[in-house]
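# Observations on the three-dimensional arrangement
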Amino acid sequence: ETGVTQSPTHLIKTRGQQVTLRCSSQSGHNTVSWYQQALGQGPQFIFQYYREEENGRGNFPPRFSGLQFPNYSSELNVNALELDDSALYLCASSLAYGLAGGPHEQFFGPGTRLTVL
Amino acid sequence: AQRVTQPEKLLSVFKGAPVELKCNYSYSGSPELFWYVQYSRQRLQLLLRHISRESIKGFTADLNKGETSFHLKKPFAQEEDSAMYYCALSPRVSGSARQLTFGSGTQLTVLP
């Protein structure tokens, strides 16, 4: 069984640029969630994808967007980068969104560290 | 809107001493509560969830709806328990996105 993987590990961008982060979900998982973790803070929910559609969104502006592919891997895109976007971006996959009684445990990847200069 | 508060950023205890990491939440509905742990150089992982009522690595946590708390406890701390601990909440609503709301975390250090 392969765990959640994310690429790249680190990334440096400048203000105004665009960035794409990638996530491969754990084998058999069909739901992917993205979180932003600023330094000294807990992860903050960005959005979730289930069966290639956005299925819930946190308090993030539209310049944060995503995709999920048929193999359940996912991308997080951020346009017009701002200094405050500097953070660790975590991807988490889970097995079965919506199953009644399911534990819905989310398995986290190692994260991508984004620095915006 | 939901909110999770972990009042202690840092907590140090001696090996063998009891440890309690505090977590308070606010949510108008019926929540699911979790504790996640991140050991040094490892990824975030689930430690336990309140609906399972289980003890993991000697840790337990009881949901107190009256006090809206979900404190994590262990009677005898071990050095390997040193890690960052996050309390998290998910709405228990059918059809919800199951988003996790995390607290800001408590760094536990168990001294020899």
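Structure shown above.
Described in the following lines is the structure provided in the data block.

Each value, and the rule that gives it
- Residues numbered from 1 in each chain as written.
- Chains lettered and ligands numbered in written order.
- Predicted model: local features only at pLDDT ≥ 70, side-chain atom pairs only at ≥ 80, totals over all residues.
- Heavy atoms only, no water.
- Pairing = 2+ DSSP bridges.
- Helix = DSSP H or I, 4+ residues; strand = E, 2+ residues; numbered from the N terminus.
- Contact = heavy atoms within 4.5 Å.
- Buried area = accessible area lost by both parts, 1.4 Å probe.
- Salt bridge = Lys/Arg side-chain N within 4 Å of Asp/Glu carboxyl O.
- Polar contact = N/O pair within 3.5 Å; in protein donor to acceptor, adjacent residues only side chain to side chain.
- Nonpolar A, V, L, I, M, F, W, Y, C, P; charged D, E, K, R; others polar.
- Buried < 20%, exposed > 50% of the residue type's maximum accessible area, 1.4 Å probe, protein only.
- Phe/Tyr/Trp six-rings, centres within 6.5 Å; stacked < 30°, edge-to-face > 60°.

## So, the sheet that holds strand β7 (residues 60-61) of chain B
All names here are of chain B. Spatially, three strands are ordered β3-β8-β7 in an open sheet, and the strand pairing comes out antiparallel. Looking at the sheet topology across the chains shown, the edges are occupied by β3 (19-21) and β7. As judged from the two bridges shared by β7 and strand β8 (residues 72-74), these two strands associate in the antiparallel manner. For Thr-60, the partnering residue across the bridge sits in β8 and is Lys-73.

## A word on the interface of chain B and chain A
With 16 residues of chain B at the contact, the number on the chain A side is 22 residues. Both sides together, the interface formed by chain B and chain A hides about 1600 Å², and carbon and sulfur atoms give 50% of it. Summed over the shared surface of chain B and chain A, the result is one salt bridge. Measuring nitrogen to oxygen at the nearest pair gives 3.3 Å for the salt bridge that ties Glu-105 of chain A to Arg-49 of chain B. The interface formed by chain B and chain A holds six residue pairs in polar contact (both at pLDDT 80 or more) in total. Counted by class, the side of chain B that touches chain A contains seven nonpolar, five polar and four charged residues.

## Topic: the pattern of salt bridges
Per the counting criterion, the structure on display carries eight salt bridges over all chains. Of the charged contacts, one joins Arg-63 of chain A and Glu-82 of chain A as a salt bridge, the two residues approaching to 3.3 Å between their closest N and O atoms. Linking Arg-63 of chain A in the loop between β6 (53-57) and β7 (64-68) with Glu-82 of chain A in the loop between β8 (74-78) and β9 (87-94), this pair joins segments that are 19 residues apart in sequence. For Arg-63 of chain A, a relative accessible area of 17% puts it in the buried group. Of the charged contacts in the structure, one is a salt bridge between Asp-81 of chain B and Lys-74 of chain B, with a shortest N-O distance of 2.8 Å. Looking at Lys-74 of chain B, the relative accessible area reads 9%, which means it is buried. It is possible to trace a salt-bridge network through shared partners that takes in Arg-63, Glu-82 and Asp-85 of chain A.

## Focus: the packing of aromatic side chains
Inspection of the entire model under this criterion finds eleven aromatic pairs over all chains. Judged by centre distance (6.2 Å) and plane angle (90°), the ring pair of Tyr-86 of chain B and Phe-102 of chain B falls under edge-to-face. In this pair, Tyr-86 of chain B sits in strand β9 (residues 83-91) while Phe-102 of chain B sits in strand β10 (residues 101-102), placing the two residues 16 residues apart along the sequence. Connected via pairs of aromatic rings, a cluster forms that spans Tyr-35, Phe-45 and Phe-108 of chain A together with Phe-34, Tyr-36, Tyr-86 and Phe-102 of chain B.

So far we have only geometry, and geometry alone does not tell us how the molecule works.
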